[in-house]
Amino acid sequence: MDWPQIKSIMAEGLSKVVTSGQRILLIVPDMTRTAPVSDLVRLALPILRDLGVQVDIMVALGTHPPLPQETLRHHVGLGDEPWRTSFNDVKLMNHAWDDPSQLQEVATLPDDRIRELSNGLMSENVVITLNKTALKYDQLLILGPVFPHEIAGFSGGSKYLFPGISGPEIIDFFHWLGAVITNLKLIGIIDNPVRRVLDEAAAQVPIPTSAISFVVHDGEVVHMTIGPLQESWRSAAKHSLQCHVVYKPRKYQRVLACAPAMYEDLWTGGKCMYKAEPVIEDNGELIIYAPHIFSPSLVHESVLRRIGYHVRDYYLKRLELFADIPRAVMAVSTYIKGTGTYIDGIEKPRIQVSVASQIPRELIETLGLGYIDPDTINVEDWRNREEEGLLLIERAGETLYLPAQSDTPA
C-alpha cells in the first residue's frame, strides 16, 4: 500500500472508533519490532486532533528496558520540527511492569476459567494488573504490527496489554503456559490457549480498547485494519499468515540465523531461534549470529545467570527448586534452549543452540548454550548451500520457517 492509501484507511477507520472530546492513550511498540512507527504516528496524530480528541502515547514495553525520553520522541516521530512544536502537548510515557506504584488491579481470572482456557494444563487464580495511568483515559488505541510469535501464535492485539502495559503476575503466567505448550506447538497458530487467556484478560479491561493492526512485509505496510481489538488483530494475523510463513522443502542440519540490530540482547535475539526451530533436523544446530549483542538480557541477566538455559522438563520435573524464579524468565530459558527431554537427571535437547556474539565463551557455556567466535563466521560461506543441509536466514526473528510437510498453521 502507498502512503496516501494508508492515510485514507486510517482516517476512515479512526473516525469510526473515537469520539470527539475523548482522551485517548495511543499504545505503540518499542524498537524490537520492524515497523514504521514514526511515520504511522505522524499520520495518526493530525487525524485524531481533527476528530477532536486529546492523545498521549505509551510504549508497550512489557519487560523490556525503558526508552530514554529523547529516543522515545524520535521513535514516535516527534523528535524534529515542526512535529516537536506542533504536538508538544502529547505526553510520552514508558510502561514500568515491575513498579507496583504504576500498577492497578483490574480483575482476577479464576482457576476454573484458567483450567478451561488452558485445556486443563494449568489451574490457578491469575491477578490482572495494568498501568494505572492508562486506566485514566477514555479509550486505549493500540498501534502495532502483527508477526508470528512464539508464545501467543502471533504478536499484536491483546499482547499490547499483556505484557505490554501489565504487571508481573499475568506476564509470568502466560509465558509459562506458553513454555509448557512449547514454541513448536504455538508459533504461527492463530487460535491457541495462550491467545485465549490474553483475550479473556483483555475483556476485563474496564475501558474500551481499539486497534490499528498492520502487517509489514519487505519493509512496506501491506495490510491495515482499524476497529475493535480482537477483530482488528484477527484480520491482521490472517494476513501475516500469508506473508510471514516460509515453507522450505526440507529440514536442515545447520541454520545460521542472523539477528538484526534491533535485538539488543539475547532475550530479544532469541526470536531468531523461535522462528527457525521448526526447520532444524533432530540433533542439528541453530546458530544465532549476533556480533552486536553483549548481554543475555539487559533486564533479566542476573536471574538467567542463576538458572541458565534448559529444556522445559528440566523445570517441570522439579518446579519446587525454582519457586523463587520468575516464570517468565524460566519460560524464555526454555524457548531459547528448545524442546527436549530430562530423564533420570540427564537433559537432552532436540537441537544444539549456539550463539556467536560478544557474550564471553565462559558465560555462554555456563548458561548451557554453545559458543562460536563471531569472527570465525563469514555469512557468505552459508549462501546457496541448502542442498547440503545448510540454511542462511539473513534477517531472522520475524519470518517463520516451516518444513513443507507441516500442517498449515491456522
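Residues numbered from 1 in each chain as written. Predicted model: local features only at pLDDT ≥ 70, side-chain atom pairs only at ≥ 80, totals over all residues. Heavy atoms only, no water.

Here the focus is the sheet that holds strand S13 (residues 280-290). To summarise the sheet geometry, strands pair through backbone hydrogen bonds and adopt either a parallel or an antiparallel arrangement. With parallel pairing, five strands are arranged side by side in an open sheet as S17-S16-S13-S12-S18. One side of each edge strand has no neighbouring strand; the edge strands of this open sheet are strand S17 (370-371) and strand S18 (390-393). With four bridges connecting them, strand S12 (residues 252-258) and S18 associate as parallel partners. Residue pairing in the sheet places Leu 256 in a bridge with Leu 392 of S18. (Pairing = 2+ DSSP bridges. Helix = DSSP H or I, 4+ residues; strand = E, 2+ residues; numbered from the N terminus.)

Take His 175: it is sitting in helix H6 (residues 168-181). His 175 sits in the buried class, given a relative accessible area of 10%. A distance of 2.8 Å separates a polar side-chain atom of His 175 from the backbone oxygen of Ile 171. With residues near it in sequence (within four places) discarded, His 175 still touches Ile 151, Pro 163, Ala 328, Ala 331 and Tyr 335. (Buried < 20%, exposed > 50% of the residue type's maximum accessible area, 1.4 Å probe, protein only. Polar contact = N/O pair within 3.5 Å; in protein donor to acceptor, adjacent residues only side chain to side chain. Contact = heavy atoms within 4.5 Å.)

Turning our eyes to something else, we now look at H6. Between its first and last C-alpha, H6 extends 20 Å over 14 residues, near the 20 Å set by a 1.5 Å rise per residue. Burial analysis of H6 places 12 of its 14 residues in the buried class, which makes it a mostly covered element. Along H6, the positions that sit buried rather than exposed are Ile 170, Ile 171, Asp 172, Phe 173, Phe 174, His 175, Trp 176, Leu 177, Gly 178, Ala 179, Val 180 and Ile 181. In this fold, the buried residues of H6 make contact with helix H5 (111-117), strand S5 (126-131), helix H7 (193-202), helix H12 (312-316) and helix H13 (327-337). Trailing H6 by a residue or two, Thr 182 shows a phi angle of about 90°, which is positive. (Expected span 1.5 Å × (residues − 1).)

A separate point is the pairing of strand S1 (residues 23-28). Burial analysis of S1 places five of its six residues in the buried class, the great majority of the element. Where S1 and strand S2 (residues 54-59) come together, six bridges link them in parallel fashion. Considered in S2, the bridge of Ile 24 is made with Val 55. Taken together, S1, helix H2 (residues 37-50) and S2 constitute a β-α-β crossover, and its handedness is right-handed. (Right-handed = clockwise from strand over helix to strand, strands pointing away.)

Right, let's talk about H13 for a bit. Residues lying three or four places apart along an α-helix face the same way, a consequence of the helix completing one turn every 3.6 residues. For H13, a buried count of 10 out of 11 residues is recorded, marking the element as mostly surrounded by other parts of the structure. The complete set of buried residues in H13 reads Ala 328, Val 329, Met 330, Ala 331, Val 332, Ser 333, Thr 334, Tyr 335, Ile 336 and Lys 337. Downstream of H13 by one or two residues, Gly 338 has phi in the positive range, about 90°.

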